[in-house]
Amino acid sequence: MFNYSTLDEANAEFVEIAPASELPNGERLFVEVGERPIALFNIAGQFFAIGDVCTHDDGPLGDGDLEGYNIVCPRHGAEFDVRTGKVMQMPAVVDIPAYPVQVREGVLWVGIPRE
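Quick caveat: nothing in here was measured; it's all calculated off a predicted structure.

About the cut-offs
Residues numbered from 1 in each chain as written. Predicted model: local features only at pLDDT ≥ 70, side-chain atom pairs only at ≥ 80, totals over all residues. Heavy atoms only, no water. Phe/Tyr/Trp six-rings, centres within 6.5 Å; stacked < 30°, edge-to-face > 60°. Helix = DSSP H or I, 4+ residues; strand = E, 2+ residues; numbered from the N terminus. Buried < 20%, exposed > 50% of the residue type's maximum accessible area, 1.4 Å probe, protein only. Lys NZ or Arg CZ within 6 Å of the ring centre and 35° of its normal. Pairing = 2+ DSSP bridges. Lys, Arg positive; Asp, Glu negative; His and termini not counted. Salt bridge = Lys/Arg side-chain N within 4 Å of Asp/Glu carboxyl O. Contact = heavy atoms within 4.5 Å. Core = buried A, V, L, I, M, F, W, Y, C linked by side-chain atoms within 4.5 Å.

Peer 1: What exactly am I supposed to notice about the packing of aromatic side chains here?
Peer 2: Evaluation of the coordinates by the stated rule reveals one aromatic pair. For the ring pair phenylalanine 48 and tyrosine 69, a centre distance of 5.8 Å and an interplane angle of 80° mean the geometry is edge-to-face. Of this pair, phenylalanine 48 sits in strand β4 (residues 46–51) while tyrosine 69 sits in the loop between β5 (66–67) and β6 (70–72), and the two are 21 residues apart along the sequence. Phenylalanine 48 gets classed as buried once you look at its relative accessible area, which sits at 12%. Accessibility expressed as a relative area gives 26% for tyrosine 69, which makes it partly exposed. Stacked on the ring of tyrosine 69, the Lys or Arg arginine 83 has its end atom at 4.1 Å from the ring centre. Over the ring of tryptophan 109 we find arginine 104; its NZ or CZ atom is 4.3 Å from the centre of that ring.

The following block contains the structure:
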């Protein structure tokens, strides 16, 4: 339900974030697009973007440990797949947003659903 990464690009507005060089392999970048806190990840040269809010307690999520493609919430251990936003481990039971990421001429862009 929140996996916007599969959203038809005609229904998304892509927002310029930063040069891809500012997000090296294994690192993360935190931004706000409008009122949406977003965490971007570079995992083995692939870029992913998720909502930076745990659905279990509404706290920040992006500072948690990465285990493969799963981000582990630093407070209560809920896990989410950064590729899809799908909850993988309780105590969370609701998915988080996952946004499409494009690299255009070396710049990262994140797709936000049109309202």
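Alright, that's what it looks like, and here's the rest.
Peer 1: Can you walk me through the sheet that holds β5 in this structure?
Peer 2: Sheet strands associate in pairs through backbone hydrogen bonding, adopting either a parallel or an antiparallel arrangement. Pairing within the open sheet is antiparallel, and its four strands lie in the order β5-β6-β7-β8. Two strands in the sheet have a free side with no partner beyond their single neighbour: β5 and β8 (87–89). Here three bridges tie β6 to strand β7 (residues 79–81), and the two strands are oriented antiparallel to one another. Directly across from asparagine 70, in β7, lies its bridge partner aspartate 81.

Peer 1: So what exactly am I meant to see when it comes to the side chain of glutamate 79 here?
Peer 2: Tracing the sequence through the fold places glutamate 79 in strand β7. This buried residue, glutamate 79, is left without a salt bridge; arginine 83 holds the nearest opposite charge, at 10 Å. The contact partners of glutamate 79, leaving out residues within four places of it in the chain, are Glu67, Asn70, Ile71, Val72, Lys86, Val87, Met88 and Gln89.

Peer 1: What exactly am I supposed to notice about the sheet that holds strand β3 (residues 36–43) here?
Peer 2: Read from one edge to the other, the open sheet built from four strands follows the order β2-β3-β4-β9, with strand pairing classed as antiparallel. Two strands close off the open sheet at either side, each with one partner strand: β2 (28–33) and β9 (98–99). Examined bridge by bridge, β4 and β9 share two bridges and lie antiparallel to one another. Note that in β9 the partner of alanine 49 across the bridge is tyrosine 99.

Peer 1: Sorry, what's going on with the nonpolar core here?
Peer 2: Nonpolar side chains in soluble globular proteins tend to end up buried together. Core analysis: the largest hydrophobic core is formed by 15 residues, its most contacted members being Phe41, Ile50, Leu61, Ile71, Phe80 and Val82. When contributions to this core are tallied by element, the ones reaching two or more residues are β3 and β4. No other element matches β3, which puts three residues into this core. Those residues in contact with valine 82 that lie beyond four places of it in its chain are Phe41, Ile43, Phe48, Ala49, Ile50, Leu66, Tyr69, Ile71 and Ala98. Core analysis: the next-biggest nonpolar cluster, separate from the first, contains 13 residues, Val33, Leu40, Ala49 and Leu108 among them.

That's the geometry; what it means functionally is another story.
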